[in-house]
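Given next are the chains, with one letter for each unit.
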Amino acid sequence: MDAAPRIAIDAMGGDTGPVAMVAGAARALRKDPKLRFLIYGDEKLIGAELERLPAMRAASEIVHTAESIAASEKPSQAIRRARVTSMGMAINAVKDGEADAALSGGNTGALMAMAKLALRTMPGIDRPALAALLPTLTDTDLVMLDLGANTECDAQNLVQFAVMGSAYARTVLQVQKPRVKLLNIGTEELKGTDELKEAAALLREADYLPLRFDGFTEGDQLSRGNVDVVVTDGFSGNIALKTAEGTARFVTDLLRRAFKSSLRSKAGFALSKPALNLLKVHLDPNNHNGAVFLGLNGLVVKSHGGANPKGVANAVKVAASMVRNDITRKIGEDLDEFRAHAFNHEGA
């Protein structure tokens with residue numbers, strides 16, 4: 001794989017548009033000078049940001065379009081304008097081989113719809129899934145999917161997510177045989193929906209895959225660090241993600257309020273500042289920014305709309321890592337292995 005990943009950036013997506021997207025890409029470039037960028041959007045606005053960043057300007061090509069996707073725009077409307085919008089043009093750059101990955105902080109539904117239409121799903125994948133890294137109490141993050149692309153999933157979908165998630169974990173977490181669990185309302189085998197039970201049975205039989213299925217996990221165990229990949233449907237996954245993000249904000253706001261409550265508390269804050277800074281780093285969503293649409297014939301990364309330059313840089317890093325590790329090929333090989341064993345089992 002090319003050691004100089006080409007990233008197509010939708011500069012108009014996200015809360016601040018080119019300001020955060022260009023600054024974040026420049027931040028990533030400082031750590032990875034081989035990166036190259038195709039930046040789609042308003043040439044005047046993008047150019048103004050690049051003027052202050054000569055190295056980034058030299059590593060970038062601007063493709064002008066005055067059209068962008070609004071945060072409130074319906075996916076069905078967005079698809080019709082795909083060829084003329086910054087988001088759609090960035091995705092089509094991947095389709096046409098002009099870029100190795102696309103990055104956007106814009107409308108998630110529109111991004112999913114456009115990416116699926118332009119890139120299509122891989123053979124053996126019924127539905128693509130949105131995967132991201134979540135922090136844990138250990139030194140290693142966990143991969144969780146689906147985080148909102150599919151509200152309803154059957155057993156086969158969940159198994160496919162497990163295969164894709166484990167390939168992603170091998171790439172980003174450097175775990176040779178990731179521990180995989182299904183999110184459930186309990187850890188007992190008899191609990192959960194029929195789809196979960198069937199998916200669990202299929203994964204237990206798939207011991208030939210480069211993953212280790214460890215049964216079910218509950219939502220309160222996500223941060224414990226005893227699993228590498230958590231698989232669920234997009235409805236439950238999105239709720240779990242938003243709940244975790246809300247809890248992190250609740251804890252930090254509660255601590256901030258407590259330390260401002262009295263002079264003694266303020267003195268305690270001064271003594272506790274190093275530990276609190278560590279907590280802040282661990283809970284900062286910008287340090288885990290960059291969700292990936294897995295299961296497509298091409299790479300698309302979703303940045304949080306409110307991400308700052310540090311967050312955007314992390315999303316660029318995720319995209320570059322996926323390109324260099326050829327994640328699409330790895331997923332394809334694992335799926336071929338799964339389908340071959342399933343076919344042999346049915347034919348026996």
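What counts as what
- By convention here, each chain's residues receive numbers from 1 onward along its written sequence.
- Local features in a predicted model are, by the rule used here, given only for residues with pLDDT of at least 70; side-chain atom pairs are given and counted only at 80 or more, and totals for whole chains, interfaces and linings are based on all residues.
- With hydrogens and water stripped out, all remaining heavy atoms of the structure feed into the side-chain values.
- Helix and strand assignments come from DSSP, with helices taken as H or I runs of at least 4 residues and strands as E runs of at least 2, each series counted from the N terminus.
- Radius of gyration here uses only the C-alpha atoms, and the compact-globule reference equals 2.2 Å multiplied by the residue count raised to the power 0.38.
- To sort residues, take the accessible area from a 1.4 Å probe on protein chains only and compare it with the maximum for the residue type: under 20% means buried, over 50% means exposed, and anything in between is partly exposed.
- Contacts are assigned to residue pairs with any non-hydrogen atoms lying within 4.5 Å of each other.
- Note that accessible areas follow from Shrake-Rupley with a 1.4 Å probe, and for residues the cover is restricted to the protein chains shown.
- Positive charges are assigned to Lys and Arg, negative charges to Asp and Glu, while His and the chain termini are left out of the count.
- All charge positions are set by atom: Lys at NZ, Arg at CZ, Asp at CG, Glu at CD.
- Buried residues of nine kinds, namely Ala, Val, Leu, Ile, Met, Phe, Trp, Tyr and Cys, make up a nonpolar core once their side-chain atoms join them within 4.5 Å.
- Where each domain starts and ends comes from a domain assignment, either automatic or drawn from a database.
- Throughout, buried area stands for the accessible area (probe radius 1.4 Å) lost by two parts on being put together, summed over both.
- A side-chain nitrogen of Lys or Arg and a carboxyl oxygen of Asp or Glu constitute a salt bridge if their distance falls within 4 Å.
- Identification of polar contacts relies on pairs of N or O atoms within 3.5 Å, with a donor-acceptor requirement for protein atoms, meaning one able to donate a hydrogen and the other able to accept it, and with residues adjacent in sequence counted only if both atoms are side-chain atoms.
- Three classes are used, and their members are as follows: Ala, Val, Leu, Ile, Met, Phe, Trp, Tyr, Cys and Pro are nonpolar, Asp, Glu, Lys and Arg are charged, and the others, Gly among them, are polar.
- In short, DSSP must find at least two bridges between two strands for them to pair.
- Fitted lines through C-alpha atoms serve as axes, helices being fitted only where they are in contact, and the angles separating the N-to-C directions of these axes extend from 0 to 180 degrees.

Asker: Tell me about the overall build of the chain, residues and numbers included.
Answerer: Looking only at helices and strands, the chain has twelve helices and eleven strands in total. The C-alpha radius of gyration of the chain comes to 21 Å, within 12% of the 20 Å expected for a compact globule of 348 residues. For the chain, the spread of C-alpha atoms along the principal axes amounts to about 65 × 60 × 35 Å. Each of the 348 residues in the chain was classed as buried or not, and the buried ones make up 49%. Intrachain contacts of the chain at a sequence separation of at least 6 include 72% that bridge at least 24 residues. Of the accessible surface of the chain, which amounts to about 16800 Å², a share of 54% is contributed by carbon and sulfur atoms. For the chain, the distance from the average position of its 42 positive side-chain charges to the average position of its 41 negative side-chain charges is 9 Å.

Asker: Please set out the environment of Ala 25 residue by residue, giving values where relevant.
Answerer: Considering the arrangement of structural elements, one finds Ala 25 in helix α1 (residues 18-31). We classify Ala 25 as buried; its relative accessible area is 0%. Each C-alpha atom of the pair Ala 25 and Thr 138 lies 29 Å from the other, and the pair is 113 residues apart in sequence. Once you skip the residues sitting within four places of it in the chain, Ala 25 turns out to touch Ile 9, Phe 37, Met 56, Val 312 and Val 316.

Asker: Any details on the nonpolar core? Residues and values, ideally.
Answerer: One finds Phe 37, Tyr 168 and Leu 182 to be the most contacted residues of the largest nonpolar core, which totals 70 residues. The element contributing the most residues to this core is helix α7 (residues 155-172), with ten residues. A domain-level breakdown of this core finds at least three residues from each of domain 1 (1-123 + 295-325) and domain 2 (126-291). If we ignore the near neighbours within four places in the chain, the residues touching Tyr 168 are Ala 131, Ala 132, Leu 133, Val 143, Leu 173, Gly 290, Val 292, Leu 294, Val 318, Met 322 and Ile 327.

Asker: Outline the domain arrangement of the chain, supporting the account with residue identities and numerical values.
Answerer: In terms of domains, the chain is made up of domain 1 (1-123 + 295-325) and domain 2 (126-291). The straight-line distance from the C-alpha centre of domain 1 to that of domain 2 is 25 Å. Summing both sides of the interface, domain 1 and domain 2 together bury roughly 1400 Å²; the carbon and sulfur share of this comes to 55%. Between domain 1 and domain 2 we count zero salt bridges in total. Summed over the shared surface of domain 1 and domain 2, the result is five residue pairs in polar contact (both at pLDDT 80 or more). Elements represented by at least two residues in the side of domain 1 that touches domain 2 include exactly α6 (108-119), β11 (299-302) and α11 (309-324). The residue inventory of the side of domain 1 that touches domain 2, partitioned by class, reads nine nonpolar, ten polar and three charged.

Asker: Describe in detail the sheet that holds strand β7 (residues 179-183), supporting the description with residues and values.
Answerer: Ordered by their spatial adjacency, eleven strands build an open sheet running β3-β2-β1-β4-β11-β10-β5-β6-β9-β7-β8, and the pairing between neighbours is mixed. Looking at strand neighbours, the two that pair on one side only are β3 (60-64) and β8 (212-217), the edges of this open sheet. Taking the axes of each pair of neighbouring strands and ignoring which way they run, one obtains an average angle of 25 degrees across the sheet. The strands touched by helix α2 (residues 43-50) are β2 (36-41) and β3; relative to β3, the strand with the most contacts, the crossing angle is about 160 degrees.

Asker: Can you tell me about the pattern of salt bridges, naming the residues and giving the values?
Answerer: Summed over the entire model, instances satisfying the criterion amount to twelve salt bridges. Residue Arg 52 pairs with Glu 49 through a salt bridge whose shortest N-O separation is 2.6 Å. Overall, the relative accessible area of 57% leaves Arg 52 in the exposed class. What makes Glu 49 buried here is its relative accessible area of 14%. Note that Arg 212 and Asp 214 form a salt bridge whose closest N and O atoms lie 3.6 Å from each other. The network of salt bridges with shared partners includes Glu 67, Glu 73 and Arg 81.

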